Amino acid sequence: MARALEPQRRLLAVYTGGTIGMRSEQGVLVPGSGLAAVLRSLPMFHDEEYARACGLPEDTLVLPPAIPDQRVIYTVLECQPLFDSSDMTITEWVQIAQTIERHYGQYDGFVVIHGTDTMAFAASVLSFVLENLQKTVILTGAQVPIHALWNDSRENLLGALLMAGQYVIPEVCLFFQNQLFRGNRVTKVDSRRFAAFCSPHLPPLAVMGTDVTINWELVRKARGKAQLVVHSSMERDVGLLRLYPGIPAALAMAGAGIVSGFDMTSEAALAKLSYVLGHPGLTPDDRKELLARDLRGEMTLPTGAERRPSLSSSALGRGLTQLLTLSQGQTSQRPQGAALSTQEADAIREALVPSLACAAAHAGDLEVLQALGDLGSDLSLESFNGQTPLHAAARGGQPGAVTMLLRRGVDVDPRDEDGLSPLLLAVKGRHRGVIELLRAAGACLSLQELEDAGTELCRLAARADLEGLQSWWQAGADLSSPGYDGRSALLVAEAAGNLEVVTFLQNLKGGAGVQAPGPATL
Ligand code: ASN
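Residues numbered from 1 in each chain as written. Predicted model: local features only at pLDDT ≥ 70, side-chain atom pairs only at ≥ 80, totals over all residues. Heavy atoms only, no water.

Trainee: Mind showing me how you'd approach the side chain of Glu267 here?
Mentor: Mapped onto the secondary structure, Glu267 falls in helix α6 (residues 266-278). It is Lys188 that comes nearest to the buried, bridge-free Glu267 among opposite-charge side chains, at 10 Å. Leave out the neighbours within four places in its chain, and Glu267 touches Ala120, Phe121, Ser124, Val186, Thr187 and Lys188. (Helix = DSSP H or I, 4+ residues; strand = E, 2+ residues; numbered from the N terminus. Buried < 20%, exposed > 50% of the residue type's maximum accessible area, 1.4 Å probe, protein only. Lys, Arg positive; Asp, Glu negative; His and termini not counted. Salt bridge = Lys/Arg side-chain N within 4 Å of Asp/Glu carboxyl O. Contact = heavy atoms within 4.5 Å.)

Trainee: For this particular structure, what's the right way to read the site of the ligand?
Mentor: Taken together, the residues surrounding the ligand are Gly18, Thr19, Asp84, Ser85, Gly115, Thr116, Asp117, Ala142 and Gln143. Between a nitrogen atom of the ligand and a side-chain N or O atom of Asp84, the distance comes to 3.1 Å. In isolation the ligand exposes 260 Å². Once the protein is present, 90% of that is buried. In terms of residue class, the shell around the ligand is made up of one nonpolar, six polar and two charged. (Near = heavy atom within 4 Å. Polar contact = N/O pair within 3.5 Å; in protein donor to acceptor, adjacent residues only side chain to side chain. Areas by Shrake-Rupley, 256 points an atom, 1.4 Å probe, with all protein chains shown as cover. Nonpolar A, V, L, I, M, F, W, Y, C, P; charged D, E, K, R; others polar.)

Trainee: Which parts of the structure should I look at to understand the pattern of salt bridges?
Mentor: Side chains that carry opposite charge are capable of pairing whenever their charged atoms lie near each other. Inspection of every chain in the model, using the stated rule, returns 16 salt bridges. Of the charged contacts, one joins Arg193 and Asp190 as a salt bridge, the two residues approaching to 2.9 Å between their closest N and O atoms. For the salt bridge of Glu456 with Arg459, the shortest nitrogen-to-oxygen distance reads 2.9 Å. Taken together, the residues Glu456 and Arg459, both in helix α16 (residues 447-462) and three residues apart, mark about one turn of the helix. When salt bridges that share partners are traced, they join Arg40, Glu48 and Arg52 into one network.

Trainee: Is there a simple way to explain the packing of aromatic side chains in this structure?
Mentor: Each pair of aromatic rings is reported with the distance of its centres and the angle of its planes. All told, the structure shown has five aromatic pairs when counted by the stated rule. With 6.1 Å between their ring centres and 0 degrees between their planes, Tyr104 and Phe110 make a pair best called stacked. Take Tyr104 and Phe110: they sit in the same class, and that class is buried. Pairing Phe176 with Phe197 gives two aromatic rings, centres 5.0 Å apart and planes at 70 degrees, and the pair type is edge-to-face. Of the two residues, Phe176 sits in strand β9 (residues 172-176) while Phe197 sits in strand β12 (residues 197-198), which places them 21 residues apart along the sequence. The exposure class of Phe176 is buried, given its relative accessible area of 2%. The exposure class of Phe197 is buried, given its relative accessible area of 6%. Aromatic rings pair up to connect Tyr104, Tyr107 and Phe110 into one cluster. Lying over the aromatic face of Tyr50, Arg71 brings its terminal NZ or CZ to 4.0 Å of the ring centre. Stacked on the ring of Tyr275, the Lys or Arg Arg296 has its end atom at 5.2 Å from the ring centre. (Phe/Tyr/Trp six-rings, centres within 6.5 Å; stacked < 30°, edge-to-face > 60°. Lys NZ or Arg CZ within 6 Å of the ring centre and 35° of its normal.)

Trainee: Help me out: how do you make sense of the packing of α16 against helix α17 (residues 466-474) in this one?
Mentor: In helix packing, the relevant descriptors are the interaxial angle and the interaxial distance, both defined with respect to the helix axes. It is the contact of α16 with α17, at a shortest axis distance of 9 Å, that shows an interaxial angle of 160 degrees. The angle between α16 and α17 places the two elements in the roughly antiparallel class. Pair α16 / α17 crosses with left-handed handedness. Across the interface between the two elements, Glu449, Ala453, Glu456, Leu457, Leu460 and Ala461 from α16 touch Gly468, Leu469 and Trp472 from α17. Broken down by class, the residue content of the contact of α16 with α17 amounts to six nonpolar, one polar and two charged. (Axes fitted to C-alpha atoms, helices over the stretch in contact; angles between N-to-C directions. Parallel < 35°, antiparallel > 145°, perpendicular 65-115°, else oblique. Left-handed = near helix turned anticlockwise from the far one by under 90°.)

Trainee: What should I look at first to understand the environment of Val137 in this one?
Mentor: Position of Val137 among the secondary structure elements: in strand β8 (residues 136-140). Spatially, the C-alpha atoms of Val137 and Met163 are 9.7 Å apart, while their sequence positions differ by 26 residues. Other than its neighbours up to four places away in sequence, Val137 contacts Ile100, Phe110, Leu130, Ile169, Glu171, Val172 and Cys173.

Trainee: What is the right way to look at the layout of surface pockets in this model?
Mentor: Over the atoms rolls a probe the size of a water molecule, and its path tells where empty space is left. A volume near 1,400 Å³ is recorded for the largest pocket. Within the residue set of the lining of the largest pocket, elements represented by two or more residues are α6 and α7 (284-292). Considering every element that reaches the lining of the largest pocket, the biggest residue donor is α6, with six residues. The residue inventory of the lining of the largest pocket, partitioned by class, reads 18 nonpolar, six polar and five charged. Lining the second largest pocket are 21 residues, with Glu131, Asn132, Arg220, Leu295 and Arg296 sitting closest to its centre. (1 Å grid on protein atoms, 1.4 Å probe; cavity = no way out; pocket = protein on both sides within 12 Å on 5 of 7 lines; lining within 4 Å. Points joined across faces, edges and corners; volume = space filled by probe spheres on them.)

Trainee: Hey, could you run me through a nonpolar patch on the surface in this one?
Mentor: There is a patch of nonpolar side chains on the surface, built from Leu241, Leu243, Tyr244 and Leu251 and spanning about 400 Å² of accessible area. Structurally, Leu243 is set in the loop between β15 (229-230) and α6. (Patch = residues over 30% accessible without salt bridge, like charges linked within 9 Å, V, L, I, M, F, W, Y side chains within 5 Å.)

Trainee: Quick question: what am I supposed to make of the packing of helix α11 (residues 366-374) against helix α13 (residues 399-407) here?
Mentor: Interhelical geometry of α11 versus α13 gives an angle of 15 degrees and a closest axis separation of 10 Å. As the angle between them shows, α11 and α13 are arranged roughly parallel. Relative to α13, the crossing made by α11 is right-handed. Along the contact surface, α11 presents Leu366, Leu369 and Gln370, while α13 presents Gly400, Ala401, Met404 and Leu405. Looking at the contact of α11 with α13 residue by residue, the classes come out as five nonpolar, two polar and no charged.

Trainee: It is not clear to me how the sheet that holds strand β1 (residues 8-17) should be interpreted in this structure. Could you clarify?
Mentor: Taken together, nine strands build an open sheet; the order of strands is β4-β5-β1-β6-β8-β9-β10-β13-β14 and the sheet is mixed. Strand pairing shows two members of the sheet lacking a second neighbour, β4 (60-62) and β14 (212-214), which therefore form its edges. The mean inter-strand angle of the sheet, taken between neighbouring strand axes irrespective of direction, is 25 degrees. In terms of strand pairing, β1 meets strand β6 (residues 109-113) through five bridges, oriented parallel. Residue Val14 lies in a different strand from β6, and its bridge partner there is Val112. On top of the sheet, helix α4 (residues 119-129) reaches β8 and β9; it is set at about 155 degrees to β9, its chief contact. Against the sheet, helix α5 (residues 153-166) touches β1, β5 (71-83), β6, β8, β9, β10 (179-182), β13 (206-208) and β14, its axis set at about 175 degrees to β8. (Pairing = 2+ DSSP bridges.)

Trainee: Would you mind showing me how to read α5 here?
Mentor: With 14 residues, α5 should cover 20 Å at 1.5 Å per step; its first-to-last C-alpha distance of 20 Å lies within 8% of that length. Along α5, twelve of the 14 residues are buried, which leaves the element largely enclosed by surrounding structure. Of the positions making up α5, those classed as buried are Ser153, Asn156, Leu157, Leu158, Gly159, Ala160, Leu161, Leu162, Met163, Ala164, Gly165 and Gln166. (Expected span 1.5 Å × (residues − 1).)

Trainee: Would you take a moment to explain the pairing of β9 for this structure?
Mentor: Each regular strand carries side chains that alternate between the two faces of the sheet. Burial analysis of β9 places five of its five residues in the buried class, which makes it a mostly covered element. Of the two faces of β9, the one lined by Val172, Leu174 and Phe176 and the one lined by Cys173 and Phe175 are each fully buried. Judged from the three bridges that link them, β8 and β9 form a sheet pairing that is parallel. Among the inter-strand pairings, Ile138 is bridged to a residue of β9, identified as Cys173.

And the structure:
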């Protein structure tokens, strides 16, 4: 995804209207046709000599070389009619996406010349309509027409052509005033200054100064060789409601259901609603789930929400559960098009249950765990590395899942392929609630685990990790066990001057004892 090095890169510039080409008609600015001819007359936009030598057609222009041995050749496609962007709607934006789709194979990248008034909406809509982009799509426009002596049209358009011509940034972007933004993150903030747009919650993907700086870590990766998909069925009947202090509940349609948009701009939220509600064949739950997901980089999810998707709320989780019920003889629930024999369904079920149960236990997804148990699945089955759902629940620090599994009678002290027990995993994760539950059910550290503990205890004492030491103590470890050099955790803590740890270990010695409490009963 670095700089594209082909000697010639071909772009399609779709001119939809906007101020950039506007001319005055009876004192009023209206979108002006013939942009290609204007660009042809400006040496910064066209190298006539090179074009003639290559025999380029009339509507195709070529930039002077920005770097040696590479040319950006671009064809201007002028829309009929041209728009002031405040007159544009989803219908026109879907048409732009379809134009890109029609020419997708012929060009290396796309520039959409658009009015600024609704460019943030257009960029947001296009980001959802165009799925699996492998090529750069950049919207740009201007505050002052290209015909004016002092204008921003030239640098904005030239910058957009250079970015799309030289780099593969497989997203819908917006270029303005030397900055390349993710399209669904921008909002228009000024109608008079040249810096008309800002991206309040995401830094620019690239900045053009004396050098071009690209923030590659922000740029979305193309999905393998996936085909471009154009979602043209967008719902038009969507609206924006601004919340304000004291807004009446009836106006907020309380009870209609709310899905958090996190840091999405209102432009992106509106476009996403239109995309998700217009997507055919989805249930209301599917739509809610799509709305809550980051689909095109339009919002930043809190890390916890990203890491713990609920299997029960996902189409995958439900589909799998439905599939699993097939082997229970409930053929009436067979999904349309599924033609599995009972033996095949049984084989799939046996293969899937351990991994599904482990994933559900680790995420604390009691609903899926319960559903799997109710199907008669064995919840002590081991997954690929010998770990059981109890291991997963202990590693994930999920007391609810641990309780459910113990109540279903699973073995409390199973060992995985590396000899690790759920209790040891809970200790390593400092999951005190889980440790308590496992100890109460009779789980014990093995002799080997107890022997190995000495060195780990000294390491924790050296780092003043009181919680770590408490976890080992709670799990039944002898905190006076020596480390590899014969010193105890207490000696190490004293030497390091970790007073809190010293006090804790001395109290154990004097009172409760350095030896941990024995297992109680559940
Ligand atoms: N009214 C114009 C438009 O959005 C404003 C502009 O392009 N600067 O088409």
